[in-house]
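Structural characterization, general
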Amino acid sequence: MKEKLENILKEAQQLSHHIKNSEDLENFRVKFLGRQGLLSEIIKNIKDLPQEQRRELGSYFNFVKSEIQKIYDEKKEIILKPKTEYFDPYHPGEKIDAGRINLITKEFNIIREIFSKLNFNIEIGNEIVNEYENFDSLNIPPNHPSRDLWDTFWITKDLKNKNLLLRTHTSAHQVELLKKYKIPCRFVVLGKVFRHEATDQRHEIQFHQIEGVSVGQNSNISELKSVLSYFFENYFNKKLDILFRSSYFPFTEPSFEIDIECIFCNKKGCNVCKFSKFIEVAGAGMIHPFVLKQAGIDYEKNFGYAFGLGFERLVMLKYNINDIRYFHSGDLRFINQF
Amino acid sequence: MKFRLIDLETFLAKKPNWTKIVDLLNKKSFESNLYKDYLEVDILPNRFSDSGNIFGLAREISIISNIPLKTEKFNYKTFSLDKNKKYPNIYIKTKNCLSYDGILITEIKIKSSPKWLKEFLEFYEFNSVNFLVDLANYSMIKYGAPLHLFDLEKINKNIYIRQAKENEKFLSLKNTEYILNFDDIVIADESKILALAGIQGSKLSEVDLNTKNILLESAIFNPVNIYKTSRRLNLQTQASYRFERNISLSSKNFTLKCFLNLVEKNDLGKISKNIISYSQIKESKKIVKLNLDKLFNYFGKEIPKNLLLKTIKSINCKLVKYQKNYIELIPPSYRIDLNLDVDIIEEIIRLIGYDSIEYKNPTFYHFPQENHKLKYSDEIKNILTKAGFTEIYTYSFISDKDYEIFNDFIKNNKIEPIKIINPVSNLFNFYRPFIFINLIKVIATNLNLFNWLRKKDFNFFEIGKIGYKKNNNFIEEENLSFITTDTELKKSYFKLKGALNYLFENLKLEKIKYQPFSEKIKYFDNLNMIEYKNETIGILFILSRDLTNKYDIKQPITGSEIFLYKIYKFIKKEETFKPPISHPAIFRDISMIVPIYTNIFEIENEIYKLGGSILEKIELFDVYSEDNLLKDEKSLSFHLIFRDKKRTLNDEEVNTLLEKIIENLKIKYKAKIR
């Protein structure tokens with residue numbers, strides 16, 4: 001019986017070399033491992049043997065069976081496994097269809113972060129404000145030519161002094177926020193503002209402004225200089241010279257305009273700065289006593305500064321964008337670049 | 001304003017280096033540009049009264065450059081009026097006439113102007129009329145104050161300077177009739193209006209070729225009245241521009257003297273003594289007290305005494321007192337903008353130069369506080385971009401056409417859009433009451449732009465302010481809108497709903513419900529309210545084909561608008577860890593056939609309601625409506641997950657509950673269970 005088993009194993013080993021396809025494989029299985037196969041036949045005979053022989057042969061039988069099974073499994077893997085396709089590692093990857101955060105949000109967040117580091121709280125404010133907030137509280141009285149500096153979209157015209165309008169500047173929140181914060185304080189208002197004007201590459205009916213206010217014993221022009229210089233350096237990732245020029249705003253006194261060194265030509269003169277080497281980016285000044293008084297602040301003892309930056313102007317400079325109208329166009333050719 | 005260099009040079013003792021001057025002007029005074037033979041200067045509105053004329057700008061240049069100022073000397077003879085002749089009496093009947101000088105010039109000769117004057121006026125953009133009128137303009141350009149000439153013969157007896165009466169009529173130089181009201185100041189005689197004060201004279205009193213005698217007016221009017229009148233009538237003139245920005249007595253007197261001097265020199269007529277000289281304003285200004293600590297605080301450091309004194313002197317301020325802590329000074333009369341201590345501070349700092357101010361780092365005032373709204377909106381933006389949506393910023397306005405299309409929808413929301421009184425065009429007539437309306441246009445734009453790529457699927461969102469009128473209150477809120485489009489409705493809608501679910505899941509807003517609008521809204525194929533804790537937090541919709549056609553879009557659009565202020569309060573500030581429930585869940589599947597129009601949300605809601613606290617979750621895993629089903633049926637299959645937090649459920653109770661759910665669905669939705 002043992003001999004028989006040895007022969008079966010030998011035969012199986014020899015035959016294994018001739019298994020070329022799944023048909024051969026199946027024949028092999030039927031012949032050796034099948035229900036009526038050679039091994040099944042043997043097991044039937046083993047059952048009838050005395051106990052001692054049965055134990056001895058049994059373990060040998062298991063050995064043979066597992067060897068044949070092994071052969072079968074190996075061959076099966078080779079034959080039945082599908083042929084590996086050619087894999088091209090240079091095939092382009094899957095296209096990821098993720099959305100995108102708009103450039104306006106991205107740059108806003110950068111600016112928010114810089115001003116947070118400079119100890120400014122961040123505010124948003126309403127877009128619909130009244131005449132007092134946008135004008136009167138800022139020392140821009142009715143029927144005064146200084147109102148002409150802001151072309152306004154009006155919502156109501158018949159409520160005395162409380163007429164509603166779309167804010168023309170984020171300064172509209174100065175008095176309200178000074179009241180809310182108490183002094184000393186620093187805050188920045190970031191938001192959309194509206195101007196009734198004809199649009200072109202540099203003018204839009206809506207754009208964004210960054211209004212900064214600091215009131216307290218150190219809030220003077222020296223601090224303003226260092227705050228803005230830190231801001232520009234961090235926003236443009238470049239140390240930039242800044243230039244203060246005398247100007248006029250009804251709500252600041254002294255008032256000045258702030259230029260930064262042209263980021264395109266390093267003060268050599270180019271088309272962007274119109275060969276002036278500097279580019280105007282902000283208006284600023286020491287808050288007018290009239291405004292402090294509106295906020296209930298003792299203007300004899302306290303002072304502070306305010307500045308306003310044109311958001312799109314900064315972003316356009318940073319990325320060399322030539323038309324302000326892209327920002328609200330919804331044009332993916334623009335949006336997807338950032 | 002443009003200034004010829006030769007005109008400025010007449011007032012400067014030395015020929016300046018103009019390139020340097022422009023540099024100084026830019027830093028210390030006004031934005032300026034130098035051209036070949038002229039300067040273009042953007043004179044600040046508060047400085048126009050002193051620097052908006054040749055003499056004034058030369059004075060400013062002299063101050064910043066230290067080139068001495070050269071002044072003109074005037075002298076002319078005046079004759080006393082013939083007491084036998086009758087001349088008009090001038091009565092000031094309004095407090096808004098601040099100063100008024102009337103002088104007669106008799107036996108005048110009307111000539112045309114010499115070449116130099118014509119050239120001068122041409123450069124400053126004035127038409128030449130005749131020598132006399134031209135000299136009045138010349139004097140104004142040189143010294144800043146408007147003058148006015150009346151033909152004496154055309155005046156009927158006396159003159160009254162008064163407020164206009166309601167509906168009084170004024171005939172302008174160009175023969176246009178204007179209707180006046182009480183805000184307007186007029187110069188009138190017994191029977192007619194001779195001039196709209198500070199703006200324009202009337203045709204009825206105009207100097208012409210036959211004029212023999214004239215009344216010369218040199219006046220100052222209340223700028224507020226001039227501003228109001230010229231804006232209301234839309235009648236802006238050189239004179240009104242100057243009067244609005246106020247005129248100083250000094251400028252008025254210089255202009256008048258300059259003019260009279262030239263009248264005599266050129267033998268154009270005989271100058272009378274004043275027939276009226278009225279003024280309620282004084283030339284001398286009030287003392288300004290300036291606290292030196294305040295000045296040094298602004299400047300950031302102390303300013304040496306000699307520099308301070310030199311600077312004060314250079315702007316012609318008269319020093320009254322110099323104490324340890326403060327100074328008192330009187331600003332020059334021509335600087336009507338200098339009244340407060342801070343005005344003087346500005347003068348001192350700008351003249352010393354902003355460049356000399358040092359940089360000082362800010363010190364800590366308070367701990368920075370986070371803006372929660374911004375934090376949440378950032379979070380939402382991140383969630384939606386992960387879901388494949390791109391952030392857009394659109395205009396905050398909608399058009400007449402938009403309003404018309406969405407009229408039914410807006411009315412059904414019981415709101416009114418906010419109308420802009422003075423829109424730039426009818427594309428921007430209303431402040432947007434919803435954001436999605438403009439996102440539809442963004443879809444149209446990009447379908448066109450990417451047509452060549454055959455790209456047809458777009459997913460956009462925007463977070464921004466919206467506003468509307470409700471019960472006559474103006475309300476401003478923040479919304480989130482998102483919108484999807486694709487060639488197939490199914491794809492578009494499921495993308496949208498997937499994103500909505502993803503958003504709510506991330507914001508931990510559970511058990512959101514969709515409630516169909518009770519009424520059919522024009523242009524909406526489907527419109528649902530999104531509800532959370534019994535509050536409507538937004539809407540979800542499918543736009544009709546008629547609507548997309550109106551925006552030239554030939555494929556389905558689905559969208560949603562979320563009222564952010566309603567969900568901000570629900571967003572949990574802190575997340576807490578919940579240990580996984582150790583009690584095992586029991587899973588059951590239900591498959592049913594229901595009529596094709598059955599609302600899946602409703603079925604889900606019904607199952608949730610019946611399932612009670614032990615029904616943890618339902619998941620729809622299969623929907624189909626073809627094959628062996630009838631045409632008006634569909635098959636729905638749900639996974640139901642039952643679990644109790646506190647104990648292990650047994651099969652029997654779940655089976656009983658499931659039976660109950662199935663019975664209910666059979667009755668309520670005619671469901672056939674498979």
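Conventions used here
Residues numbered from 1 in each chain as written. Chains lettered and ligands numbered in written order. Predicted model: local features only at pLDDT ≥ 70, side-chain atom pairs only at ≥ 80, totals over all residues. Helix = DSSP H or I, 4+ residues; strand = E, 2+ residues; numbered from the N terminus. Buried ≥ 20, exposed ≤ 12 C-beta atoms within 10 Å, placed from the backbone. Pairing = 2+ DSSP bridges. Axes fitted to C-alpha atoms, helices over the stretch in contact; angles between N-to-C directions. Contact = placed C-beta atoms within 7 Å. Domains from an automatic or database assignment. Nonpolar A, V, L, I, M, F, W, Y, C, P; charged D, E, K, R; others polar. pLDDT = per-residue confidence, 0-100. Parallel < 35°, antiparallel > 145°, perpendicular 65-115°, else oblique.

Summing up its helical and strand segments, chain A has 11 helices and nine strands in all. Across its three principal axes, chain A shows a C-alpha extent of roughly 120 × 45 × 45 Å. Expressed as a percentage of the 338 residues in chain A, the buried residues total 39%.

A few words now on the sheet that holds strand 17 (residues 326–330) of chain B. All names here are of chain B. Strand order in the open sheet formed by three strands is 15-17-16, with antiparallel pairing between adjacent strands. The open sheet is flanked by strand 15 (288–291) and strand 16 (318–322), the only strands paired with a single partner. Across the sheet, the mean angle separating the axes of adjacent strands is 25 degrees when strand polarity is ignored. Across four bridges, the pairing between strand 15 and strand 17 is antiparallel. Each bridged residue has a counterpart across the sheet, and for Leu 290 the counterpart in strand 17 is Ile 327. In the packing of helix 10 (residues 292–299) onto the sheet, the strands contacted are strand 15 and strand 17, and the crossing angle to strand 15 comes to about 60 degrees.

Here the domain parsing of chain B yields domain 1 (2–65), domain 2 (90–279), domain 3 (288–355), domain 4 (372–568) and domain 5 (586–673). Each of domain 1 of chain B and domain 5 of chain B was reduced to a C-alpha centroid, and the two centroids are 85 Å apart.

Attention now goes to the domain arrangement of chain A. You can read the domains of chain A as domain 1 (2–80) and domain 2 (103–335). Just the C-alpha atoms count here: the centres of domain 1 of chain A and domain 2 of chain A sit 90 Å apart.

We now examine the interface of chain B and chain A. The interface of chain B with chain A comprises 68 residues on the first partner and 63 residues on the second. Taken together, the residues of the side of chain B that touches chain A break down into 32 nonpolar, 20 polar and 16 charged.

Right, let's talk about the confidence of the model for chain B for a bit. With 99% of its residues at a pLDDT of at least 70, chain B reaches an overall mean of 92. Across the interface, the model reports ipTM at 0.85; the global pTM reads 0.83.

This part is about the sheet that holds strand 25 (residues 524–532) of chain B. Residues and elements named next belong to chain B. The strand order 18-22-23-27-26-25-24 describes an open sheet built from seven strands, whose pairing is mixed. The sheet is open, and its two borders are formed by strand 18 (390–391) and strand 24 (513–516), each paired with just one other strand. When strand 22 (residues 458–470) meets strand 23 (residues 473–485), the two strands line up antiparallel, connected through 13 bridges. Paired with Lys 469 across the bridge in strand 23 is Phe 474.

Attention now moves to the packing of helix 2 (residues 18–29) of chain B against helix 4 (residues 54–65) of chain B. Residues and elements named next belong to chain B. Packing of helix 2 against helix 4 leaves a shortest axis separation of 10 Å and a crossing angle of 95 degrees. When the interaxial angle is binned, helix 2 and helix 4 end up roughly perpendicular. Two secondary-structure elements touch here, helix 2 through Ile 21, Leu 24, Leu 25, Lys 28 and Ser 29 and helix 4 through Glu 60, Ile 61, Ile 64 and Ser 65. Across the contact of helix 2 with helix 4, the residue classes break down as five nonpolar, two polar and two charged.

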